[in-house]
Amino acid sequence: MKNYRSMLFVPATDSGKINKALASNADCVILDLEDSVALSEKKTAQVVVKNLLRDQGNRHIYVRVNSIDTPFLFGDLTTIIPSRPTGIMLPKTESADHIKWVDWLMGQLERESGLPAGQIGLIALIETGCGVIQAASIAGASGRLKCIAFGAIDYTLDIGTKLSKEGHELFYARAHIVAASRAGGCEQPIDTVYPNFRDAEGLKRESEFVRNLGYQGKMVIHPGQIEIVHQVFSPTPDEISYARKVVQAFETAEKQGIASVNLDGKMIDYPVMKRAKQLLKNVDNGGVIK
Ligand code: COA
Ligand code: MG
């Protein structure tokens, strides 16, 4: 599946911002039916999203629906699935059962709409302590699950602390979700939004930190954040050419029965070669170079 370096949130009731989001170069747009939509507007928002999805061609669009404990989720899915979004983001996912119920309903609706079963993707947004602990079983709960996304604003509310600038309180959850994603067999996760959207330096620092932890990208709330996030989550031309050099040097050595090579003073072995191939594959998947 395509890598998402950035996923741009936009409230489903704000048509001006929606047009800007769709015209932006975010790798994916998230039309939000959940927390950025007032309770009184939930039904209207479903219809707006349904109509909007009809003519979006190849644009990657996820819809963040309401969580399983609300009266809105059933209506969200039944209204939206026939219009074929790229995928659904399920907020406040806390168990494998949440994913299995939603997966089942999505499958029924796909069939009813004449769509191939499993075509529409799913991202589990984990934003509670319970969700973090259950992350590995969530990650393995459905073949349609692309990845886990981490939501820090609700997470800090749930664990009874405040979201700090340094984000030390998020470290365990973030690192756990990376390992759990591997255990469950889904893609690398996508990190939380950075709410202080005028702080470019802070966003860059946080993006570099989570990239190094093992995240594929970040959710963003403002178009001004896209470019910074893309810079951080795209390999540089130097990194790409070095990865090619690694693969070439290792393959040449391997043909001679050698699996440990000196390349410019650094040891190249199987894991280093595999990492280089992974980087090149990500470039092919996202088609992205800095
Ligand atoms: N998508 C598309 N366009 C956006 C946008 C978004 N998420 N956020 C801001 N813009 C546009 C604005 O409409 C404005 O356009 P204009 O210059 O043509 O008027 C431009 O970018 C600059 O916006 P700015 O004035 O800096 O911010 P704002 O006060 O308009 O909006 C927020 C600030 C936080 C309200 C807005 O970014 C937003 O709604 N973000 C998404 C919120 C959301 O979905 N939350 C749920 C997940 S946490
Ligand atoms: Mg939330």
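Owing to the predicted nature of the structure, the values given are computational and were not obtained by experimental measurement.

> Can you help me understand the site of ligand 1 in this one?
In the vicinity of ligand 1 there are 15 residues, among which F9, K20, R198, I221 and H222 approach most closely. For ligand 1, a nitrogen atom lies 2.8 Å from a polar atom in the backbone of F9. Here an oxygen atom of ligand 1 sits 3.0 Å away from a polar atom, N or O, in the side chain of R198. With respect to the detected pockets, ligand 1 is housed in the second largest pocket. When contributions to the shell around ligand 1 are tallied by element, the ones reaching two or more residues are β1 (6-11) and α1 (15-23). Sorting elements by how many residues they give to the shell around ligand 1 places β1 first, with 4 residues.

> What is the right way to read the packing of helix α9 (residues 200-213) against helix α10 (residues 226-233) from this model?
Each packed pair of helices is defined by two parameters, the angle between the axes and the distance between the axes. Packing of α9 against α10 leaves a shortest axis separation of 9 Å and a crossing angle of 30°. Our classification of the angle between α9 and α10 gives roughly parallel. Seen from above, α9 lies across α10 with right-handed handedness. Along its contact with α9, which presents A200, L203, K204, S207, E208, V210 and R211, the element α10 presents I228, V229, V232 and F233.

> Is there a simple way to explain the coordination of the magnesium ion (ligand 2) in this structure?
Angles at a metal have ideal values that depend on geometry: 109.5 degrees with four tetrahedral donors, 90 or 180 degrees with six octahedral donors. Here the magnesium ion (ligand 2) is held by E127 (OE) and D154 (OD), and the distances to it run 2.0 to 2.3 Å. Here D154 lies in helix α7 (residues 152-159) and E127 lies in the loop between β5 (121-126) and α5 (129-133), a separation of 27 residues in the sequence.

> Whenever I open this one, helix α3 (residues 73-80) confuses me. Can you help?
Along an α-helix, residues three or four apart share an orientation, since each turn contains 3.6 residues. By the criterion of burial, α3 is predominantly enclosed, with 6 of the 8 residues buried. Of the residues making up α3, those classed as buried are L73, G75, D76, L77, T79 and I80. On its buried face, α3 is in contact with α2 (42-53), β3 (61-64), β4 (87-90) and α4 (96-112).

> Looking at this structure, I do not really get the layout of surface pockets. What am I missing?
If a probe the size of a water molecule is rolled over the atoms, the empty space left behind becomes visible. Computed from the structure, the second largest pocket encloses a volume of approximately 530 Å³. As for the second largest pocket, its lining consists of 26 residues, of which F9, S36, R64, V193 and I221 are closest to the centre. Sorting elements by how many residues they give to the lining of the second largest pocket places β1 first, with 4 residues. Its residues assigned to classes, the lining of the second largest pocket shows 14 nonpolar, 4 polar and 8 charged.

> I would appreciate a short explanation of the packing of aromatic side chains in the present structure.
The geometry of an aromatic ring pair is captured by two quantities: the separation of the ring centres and the angle between the planes. Evaluated as defined, the whole model comprises 4 aromatic pairs. Aromatic side chains F150 and Y155 sit 5.4 Å apart centroid to centroid with 65° between the ring planes, which places their arrangement in the edge-to-face category. Exposure class is identical for F150 and Y155. Each is buried. Relative to F209, the ring of F171 has its centre 6.3 Å away and its plane inclined at 50°; by these criteria the two rings are tilted. A residue pair is termed long-range when its members are at least 10 positions apart, and F171 in helix α8 (residues 171-184) and F209 in helix α9 qualify at 38 residues. On the basis of relative accessibility, which here comes to 42%, the residue F171 falls in the partly exposed class. Its end group placed over the ring of F72, K42 keeps NZ or CZ at 5.6 Å from the ring centre. For the cation-ring pair, K146 lies above Y4, with the distance from its terminal atom to the ring centre recorded as 4.3 Å.

> Help me understand the pattern of salt bridges in this model?
Any two side chains of opposite charge can pair, on the condition that their charged atoms come close. Per the stated rule, a full pass over the model turns up 17 salt bridges. We note a salt bridge from E187 to K146, for which the minimum N-O separation is 2.9 Å. Here E187 is found in the loop between α8 and β7 (190-191), whereas its partner K146 is found in strand β6 (residues 145-150), with 41 residues between them in sequence. Accessibility expressed as a relative area gives 2% for K146, which makes it buried. Notably, a salt bridge pairs E206 with R174, separated by 3.5 Å at the nearest N-O pair. Within this pair, whereas E206 is found in helix α9, its partner R174 is found in helix α8, the two being separated by 32 residues in sequence. The residues E206 and R174 share a single accessibility class, namely buried. If you follow the salt bridges from partner to partner, you end up with D32, E34, D35, R64, K92 and D154 in one network.

> What is the right way to look at the nonpolar core in this model?
Looking at soluble globular proteins, one finds that nonpolar side chains tend to be buried together. Core analysis: the largest hydrophobic core is formed by 61 residues, its most contacted members being L31, L77 and I88. Residue contributions to this core peak at 6 residues, all from α4. Contact partners of L31, with chain neighbours within four places excluded, come to V10, I18, V49, L52, L53, I61, Y62, V63 and R64. In terms of nonpolar packing, the next biggest core, distinct from the first, is built from 15 residues, A243, V246, M273 and A276 among them.

> Got a minute to help me understand the domain arrangement of the chain in this structure?
It is common to give the size of an interface as the accessible area that goes away when the parts come together. Segmentation of the chain into domains returns domain 1 (6-233) and domain 2 (237-284). Measuring from the centre of the C-alpha atoms in domain 1 to the corresponding centre in domain 2 gives 34 Å.

Rules and cut-offs
- Residues numbered from 1 in each chain as written.
- Chains lettered and ligands numbered in written order.
- Predicted model: local features only at pLDDT ≥ 70, side-chain atom pairs only at ≥ 80, totals over all residues.
- Heavy atoms only, no water.
- Near = heavy atom within 4 Å.
- Polar contact = N/O pair within 3.5 Å; in protein donor to acceptor, adjacent residues only side chain to side chain.
- 1 Å grid on protein atoms, 1.4 Å probe; cavity = no way out; pocket = protein on both sides within 12 Å on 5 of 7 lines; lining within 4 Å.
- Sits in = over half its atoms within 2 Å of the grid points.
- Helix = DSSP H or I, 4+ residues; strand = E, 2+ residues; numbered from the N terminus.
- Axes fitted to C-alpha atoms, helices over the stretch in contact; angles between N-to-C directions.
- Parallel < 35°, antiparallel > 145°, perpendicular 65-115°, else oblique.
- Left-handed = near helix turned anticlockwise from the far one by under 90°.
- Contact = heavy atoms within 4.5 Å.
- Donors = N, O, S within 2.8 Å, 3.2 Å for Na, K, Ca; no water.
- Buried < 20%, exposed > 50% of the residue type's maximum accessible area, 1.4 Å probe, protein only.
- Points joined across faces, edges and corners; volume = space filled by probe spheres on them.
- Nonpolar A, V, L, I, M, F, W, Y, C, P; charged D, E, K, R; others polar.
- Phe/Tyr/Trp six-rings, centres within 6.5 Å; stacked < 30°, edge-to-face > 60°.
- Lys NZ or Arg CZ within 6 Å of the ring centre and 35° of its normal.
- Salt bridge = Lys/Arg side-chain N within 4 Å of Asp/Glu carboxyl O.
- Core = buried A, V, L, I, M, F, W, Y, C linked by side-chain atoms within 4.5 Å.
- Domains from an automatic or database assignment.

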